[in-house]
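Spelled out from the first residue to the last, the chains are:
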Amino acid sequence: MNRITELFNNKKSRILNVYCTAGYPLLNSTLEIMKALQENGADMIELGMPYSDPLADGPVIQASSARGIENGMTINKLFTDLKDFRKDIHVPVILMGYMNPALQFGFEKFCAKAAEAGIDGLILPDLPMYEYETEFGEIINKYGLKFIFLVTPETSDERINMLDRLSTGFLYAVSSSSTTGNEKSMEQQLGYFKKLQEMKLNNPVLIGFGIKNSETFNAACKYSNGAIIGTAYIKALEQNGSINSVTKNFIDGIVGK
Amino acid sequence: MGYYGKFGGAYIPEMLHRNVEELKNRYLTIMYDPKFQKSFRDLLKDYVGRPTPLYYAERLSKKYRTNIYLKREDLCHTGAHKINNTIGQILLALELGKTRIIAETGAGQHGVATATVCALKNIRCVIYMGEKDIERQAPNVARMRMLGATVIPAKSGSRTLKDATNEAIRDWINNPLDTHYIIGSVVGPHPYPDMVARFQSVISEEIMWQLKKHTGSSLPEYVVACVGGGSNAAGAFYHFLDEHNVKLVAVEAAGLGISSGYSAATTQLGTPGILHGSKSLVMQTEDGQVTEPHSISAGLDYPGIGPMHANLFESGRGEFMSATDEEALQASFEVAKLEGIIPALETGHAFSVLGKIKFKENDNVIVCLSGRGDKDLATYMKAMEKN
């Protein structure tokens, strides 16, 4: 069974998905970070593939992307790194990135390599519904990868239902209309979260963008199956200390140990 | 869905969907409403100064042994064709009920044209401009500020036009309700390439009746224009796209030379990819990271090209040529001396191919004189010191 499906079968609430950027802070820190995340309680990992022009990301993740590229991270290098990662990492891992590098690599080859390495799903924010349905969705499904669509407070109910039908892993509810790492208050969005909760969607829902501490994590979990944290963790990785101890402190702070 | 052959589309994150969808559903209805057309045409006439002349360039014609006509977009208010589009889009934004405008700019020409129409319509205006370009283009930054716009430096990436565009898109993501994004070229997600081309198509519309007055025929043998993103070329080509006897010549910036590593000739160096929301030709590494282009003219210093032009290139309908920094400079000096017109450096690229094409004596050749050279005086002064 796909690890994402299995996770949501076994755990319905307070799922913690943590984002990290491949090749950041160091070219070869990716696996160590993934291990630390798993050991310290992350239920799922969203692994970012660095791109020169990440439109949906705020300054912190942009900077981590730029550093990853500077460090020499490429899709080829990433797949080499991931060759045996399933020996150690058992939580679901989703690749997050932008269409251009995947197209340049060869979209089908990209999906094949990801599946072969043991990746469970993809988030490609600039792959829209029309192009997914007419061209790329078929390839993604062929390799057994889950595909996760985003919805926002501006997405109409009708469209949320369509995106829910097409999503195969979970639905990624962007907490407010923003790029990642925003400072907008979540309280304004309670109506939107409640609406999603009441819509009886097929997919589990994880809330992301602007989740940064136990307070925002708890608030998100009240209305969904869990939350995704990116910017706050990338910031934490800049602190002194071993990757494992920084990660432990960070996750403990979020889930409230 | 806004495709030109295999290029185009709208590769945008969900956060932009509502805005882009609203635009897609409404732009044609709004644009072709008679009341809108009247406001648009009135402003083009009385505020921009259209129709711009189609001028028979006698001395250039003599030198190149053909008939050369210059479409004088340099005489538009603010000094370039850019304002044709910003006038159209500001009226559209008002129809959509938007109260805040954002735009990207490289050299500052589109930024100035946007700040101008925002002042005209009393609407808040935020311009994103690469930190590096802000240093290089101080007079245009001052113009935008004098017109009441806020200029925000784009500090990410290479800190030039590509990054200013990224920042403008991110601003739009963060302000989905009150803001309209005025893209300055025929790039971006559908419907932008089509919408901007339609607003700029006034250029070729005028060329047709003006040339007919001059020669009795509305169809020239050649239309020549420079291409960065490609908005003046899109406007100059528009009404000739289906006239297969009219050769469409697009001139890209070769920078220090196509294979020098410092170039912006996207059709020569690019591969299919996605940049700023559309599929087109993109200058990028093997790994799909977008690379930094180079051109002496900031207006052509862009690692992509509009999807319409990518398709003109692929289909062979357009003839793509290029000019180096040096060739563009020389051509600008030649036009200044022969015709008494100092063109923008961008336009210098278009002029530089006149000596490379074998025209017949009775050919009619249109060169789109997209902008005037005042903004490039510092570069021209440096070139004069050298020689």
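Residues numbered from 1 in each chain as written. Chains lettered and ligands numbered in written order. Predicted model: local features only at pLDDT ≥ 70, side-chain atom pairs only at ≥ 80, totals over all residues.

**As for the overall build of chain B**
Moving on, step 1. Helix and strand content of chain B: 16 helices and 14 strands.
Moving on, step 2. Relative to the 2.2 N^0.38 estimate, which gives 21 Å for 387 residues, the radius of gyration of chain B is 19 Å and therefore close to what a compact globule would have.
Moving on, step 3. Seen through its C-alpha atoms, chain B measures out along the principal axes to roughly 55 × 45 × 40 Å.
Moving on, step 4. Looking at chain B residue by residue over its 387 residues, the buried ones come to 60%.
Moving on, step 5. Restricting to contacts in chain B with at least 6 residues of sequence separation, those with at least 24 account for 73%. (Helix = DSSP H or I, 4+ residues; strand = E, 2+ residues; numbered from the N terminus. Rg over C-alpha atoms; globule rule 2.2 N^0.38 Å. Buried ≥ 20, exposed ≤ 12 C-beta atoms within 10 Å, placed from the backbone. Contact = placed C-beta atoms within 7 Å.)

**With respect to the domain arrangement of chain B**
Residue and element names in this part refer to chain B.
Moving on, step 1. Looking at chain B, the domain boundaries give domain 1 (3-43 + 82-195) and domain 2 (49-80 + 201-386).
Moving on, step 2. For domain 1 and domain 2, the distance between their C-alpha centroids amounts to 22 Å.
Moving on, step 3. Each side of the interface is counted separately: domain 1 has 37 residues, and domain 2 has 34 residues.
Moving on, step 4. Among the residues making up the side of domain 1 that touches domain 2, the classes are represented as 16 nonpolar, 17 polar and four charged. (Domains from an automatic or database assignment. Nonpolar A, V, L, I, M, F, W, Y, C, P; charged D, E, K, R; others polar.)

**What to know about the confidence of the model for chain B**
Moving on, step 1. On average, residues of chain B carry a pLDDT of 96, and 100% of them reach 70 or more.
Moving on, step 2. Both confidence scores are given for the complex: pTM 0.96, ipTM 0.94. (pLDDT = per-residue confidence, 0-100.)

**Structural notes on the environment of leucine 219 of chain B**
Residue and element names in this part refer to chain B.
Moving on, step 1. Looking at the element boundaries, leucine 219 is found in the loop between helix H10 (202-215) and strand E9 (222-226).
Moving on, step 2. Along the backbone, leucine 219 and valine 365 are 146 residues apart, and their C-alpha atoms lie at a distance of 9.8 Å.
Moving on, step 3. With residues near it in sequence (within four places) discarded, leucine 219 still touches Glu243, Asn245 and Val246.

**Points about the interface of chain A and chain B**
Moving on, step 1. Contact with chain A, which involves 31 residues of that partner, is made by 27 residues of chain B.
Moving on, step 2. Those elements that provide at least two residues to the side of chain A that touches chain B are helix H3 (59-71), helix H5 (99-105), helix H7 (129-142) and strand E6 (150-151) of chain A.
Moving on, step 3. When residues of the side of chain A that touches chain B are assigned to their parent elements, the largest contribution, six residues, is made by H5 of chain A.
Moving on, step 4. Here the residues of the side of chain A that touches chain B sort into 17 nonpolar, 10 polar and four charged.

**Quick notes on helix H5 (residues 109-121) of chain B**
Residues and elements named next belong to chain B.
Moving on, step 1. Over its 13 residues, H5 extends 19 Å from the first C-alpha to the last, a length consistent with the 18 Å expected when each residue adds 1.5 Å.
Moving on, step 2. Most of H5 sits inside the fold, with 10 of its 13 residues counted as buried.
Moving on, step 3. All buried positions along H5 are accounted for by Gln109, His110, Gly111, Val112, Ala113, Thr114, Ala115, Thr116, Val117 and Cys118.
Moving on, step 4. Buried residues belonging to H5 abut helix H4 (82-95), strand E5 (100-105), strand E6 (124-130) and helix H7 (138-146).
Moving on, step 5. In the stretch just after H5, asparagine 122 is the one whose phi turns positive, near 55°. (Expected span 1.5 Å × (residues − 1).)

**Quick word on the sheet that holds strand E7 (residues 150-154) of chain B**
All names here are of chain B.
Moving on, step 1. Strand order across the open sheet formed by four strands is E7-E6-E5-E8, with parallel pairing between neighbours. Unpaired on one side and paired on the other, E7 and strand E8 (179-181) mark the two borders of the sheet. The mean inter-strand angle of the sheet, taken between neighbouring strand axes irrespective of direction, is 25°.
Moving on, step 2. Across three bridges, the pairing between E5 and E8 is parallel. What sits directly across from isoleucine 101, in E8, is histidine 180. (Pairing = 2+ DSSP bridges. Axes fitted to C-alpha atoms, helices over the stretch in contact; angles between N-to-C directions.)

**Some remarks on the nonpolar core**
Moving on, step 1. Core analysis: the biggest nonpolar cluster contains 196 residues, and Tyr172 of chain A together with Val224 of chain B have the highest contact counts within it.
Moving on, step 2. Residue assignment places this core across two domains, with domain 1 (3-43 + 82-195) and domain 2 (49-80 + 201-386) of chain B each supplying three or more.
Moving on, step 3. The residues contacting tyrosine 172 of chain A, other than those within four sequence positions of it, are Ile123, Ile148, Phe149, Leu150, Leu206, Gly208 and Ile228 of chain A. (Core = buried A, V, L, I, M, F, W, Y, C linked by C-beta atoms within 7 Å.)

**A closer look at the pairing of strand E8 (residues 205-208) of chain A**
All names here are of chain A.
Moving on, step 1. Alternating residues of E8 divide into Val205 and Ile207 and Leu206 and Gly208, and every residue in both groups is buried.
Moving on, step 2. Pairing of strand E7 (residues 171-174) with E8 involves four bridges; the strand directions are parallel. Paired with leucine 171 across the strands is valine 205, a residue of E8.
Moving on, step 3. Taken together, E7, helix H9 (residues 190-198) and E8 constitute a β-α-β crossover, and its handedness is right-handed.
Moving on, step 4. Relative to strand E9 (residues 226-229), E8 runs parallel, the two sharing two bridges. Paired with isoleucine 207 across the bridge in E9 is alanine 227.
Moving on, step 5. Following the backbone out of E8, through helix H10 (residues 214-223) and into the adjacent parallel E9, one traces a crossover that is right-handed. (Right-handed = clockwise from strand over helix to strand, strands pointing away.)

**Brief notes about the packing of H4 of chain B against helix H9 (residues 192-200) of chain B**
Each pair of packed helices can be summarised by the angle the axes make with each other and by the distance between the axes.
Residue and element names in this part refer to chain B.
Moving on, step 1. Look at H4 against H9: their axes get within 8 Å of each other, and the N-to-C directions meet at 115°. Judged on the interaxial angle alone, H9 and H4 are roughly perpendicular. Along this stretch, H4 crosses H9, giving a crossing that reads as right-handed. Facing H4, whose interface residues are Asn84, Asn85, Gly88 and Gln89, H9 presents Val196, Phe199 and Gln200.
Moving on, step 2. Residue classes in the contact of H4 with H9 are distributed as two nonpolar, five polar and no charged. (Parallel < 35°, antiparallel > 145°, perpendicular 65-115°, else oblique. Left-handed = near helix turned anticlockwise from the far one by under 90°.)

**Examining the sheet that holds strand E5 (residues 146-147) of chain A**
Moving on, step 1. Here we have nine strands laid out as an open sheet, ordered E5-E4-E3-E2-E1-E9-E8-E7-E6 (chain A), and parallel in their pairing. What marks the edges here is a single partner per strand, and that holds for E5 and E6 of chain A.

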